[in-house]
Amino acid sequence: MPYLLLLFVLAFLAFGQEIRVSTIVQGRVDKVYVKEGQKVKKGQVLVRVDPVLYTTQRDNLKAQLRAQEINLQKVERDFRRYEELFNRGLLSKSEYEDWKSKYEKEKSLYDALRAQLERVEKLIEYCTISAPTDGKVKKLFVREGMFVNGTTQGEVLLILEEQ
């Protein structure tokens, strides 16, 4: 499933230079915790994007992963039995290789689902944007309720000036 990404850019002036902080999410801006002119501390939450697009994907992937795990366990048991038969000379090499391929395919599907789940869980974390340094909000470009579309181009949310 293709993922649309949004690059949030928070601009900060730290030690006389601008620092850009990004996260790759899309969705509705759930909450803006700061306003222009407000001082912020490093780690303070600035903006939260509603993670519902990712939580539904996460729940779907968890269900798929559970089903694939059950399937993989069965295929692995079968493969181990056929491997034993092959090692005793009771199964042709071609049949053994077929079972080995089937097992490796199911294992790859399981690993791919697990990787997708890890990615989506990380995107859920990225829905909360925090200040990378102490500073002051210089300019704010987003407001609650806005839908931010996933793109590879940065969308400036706010500018902080270090204090």
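It should be noted that the structure appears before, not after, this text.
The structure reproduced in this document is the subject of the present report. (Residues numbered from 1 in each chain as written. Predicted model: local features only at pLDDT ≥ 70, side-chain atom pairs only at ≥ 80, totals over all residues. Heavy atoms only, no water.)

Side note on the pattern of salt bridges
Put simply, the rule reads: For salt bridges, the criterion is a side-chain nitrogen of Lys or Arg within 4 Å of an Asp or Glu carboxyl oxygen. Strands are runs of DSSP state E lasting at least 2 residues, helices are runs of H or I lasting at least 4, and numbering of each runs from the N terminus. A 1.4 Å probe rolled over the protein chains alone gives each residue an accessible area, and that area as a share of the maximum for its type sets the label: buried under 20%, exposed over 50%, partly exposed in between.
The full count for this structure, using the stated rule, is 14 salt bridges. Residues Arg48 and Asp30 are paired through a salt bridge, measuring 3.3 Å at the closest nitrogen-oxygen approach. Within this pair, whereas Arg48 is found in strand S5 (residues 45-49), its partner Asp30 is found in strand S3 (residues 27-32), the two being separated by 18 residues in sequence. Given a relative accessible area of 27%, Arg48 falls into the partly exposed group. Classification of Asp30 by relative accessible area gives partly exposed; the value is 28%. In the salt-bridge network here, residues are joined through shared partners; they are Arg28, Asp30, Arg48 and Asp50.

Quick look at helix H1 (residues 52-87)
Think of an α-helix as 3.6 residues a turn; residues three or four steps apart then line up on the same face. Inclusion rule: What a helix is expected to span follows from its residue count: subtract one and scale by 1.5 Å.
For H1, spanning 36 residues, the distance from its first C-alpha to its last is 51 Å, which sits close to the expected 52 Å at 1.5 Å a residue. Along H1, the positions that sit buried rather than exposed are Tyr54, Thr55, Gln57, Leu61, Leu65, Gln68, Leu72, Val75, Asp78 and Phe79. The positive-phi residue at the C-terminal boundary of H1 is Gly89, with phi of around 80°.

What to know about the sheet that holds strand S6 (residues 128-130)
Across a sheet, paired strands are connected by hydrogen bonds in the backbone, their directions being either parallel or antiparallel. Formally: By this definition, two strands are paired if DSSP reports at least two bridges between them.
Taking strand neighbours across the sheet as the criterion, the 4 strands line up as S6-S5-S3-S8 in an open arrangement whose pairing is antiparallel. Two strands close off the open sheet at either side, each with one partner strand: S6 and strand S8 (147-148). Of the strand pairs in this sheet, S5 and S6 are connected by 3 bridges, and their pairing is antiparallel. When the sheet's bridge partners are listed, Val45 is paired in S6 with Ser130.

Things to note about the nonpolar core
What counts, and what does not: For the purposes of this section, nonpolar cores are sets of buried Ala, Val, Leu, Ile, Met, Phe, Trp, Tyr and Cys residues that join through side-chain atoms within 4.5 Å.
Val25, Val34, Val40, Leu46, Val47 and Tyr54 are the most contacted members of the largest nonpolar core, which has 30 residues in total. Elements with a contribution of two residues or more to this core: S3, S5, H1 and helix H2 (93-126). Broken down by element, the residue count for this core peaks at 9 residues, all from H2.

Focus: the pairing of S3
Pairing analysis gives 2 bridges linking S3 to S8, with the strands arranged antiparallel. Residue pairing in the sheet places Arg28 in a bridge with Phe147 of S8. Where S3 meets S5, 3 bridges bridge the pair, whose relative direction is antiparallel. Of the residues in S5, the one forming a bridge with Val29 is Val49.

What to know about the packing of aromatic side chains
How two aromatic rings sit relative to each other is given by the distance of their centres and the angle of their planes. Rules: When two rings of Phe, Tyr or Trp (its six-membered ring) have centres within 6.5 Å they constitute a pair, described as stacked for plane angles under 30 degrees, edge-to-face for angles over 60, and tilted for the intermediate range. Definition used: whenever NZ (Lys) or CZ (Arg) falls within 6 Å of the ring centre and also within 35 degrees of the ring normal, the charge is taken to sit over that ring.
For the structure shown, the criterion picks out 4 aromatic pairs. Ring geometry for Phe86 against Tyr96: centres 4.4 Å apart, planes inclined by 10°, an arrangement best described as stacked. Placement of the pair is Phe86 in helix H1 and Tyr96 in helix H2, with a sequence separation of 10 residues. Residue Tyr96 is classed as buried on the basis of its relative accessible area, which comes to 12%. Among the aromatic residues, those joined into a ring-pair cluster are Phe79, Phe86, Tyr96 and Tyr103. Sitting over the face of the ring of Tyr103, Arg80 holds its NZ or CZ atom 5.4 Å from the ring centroid.

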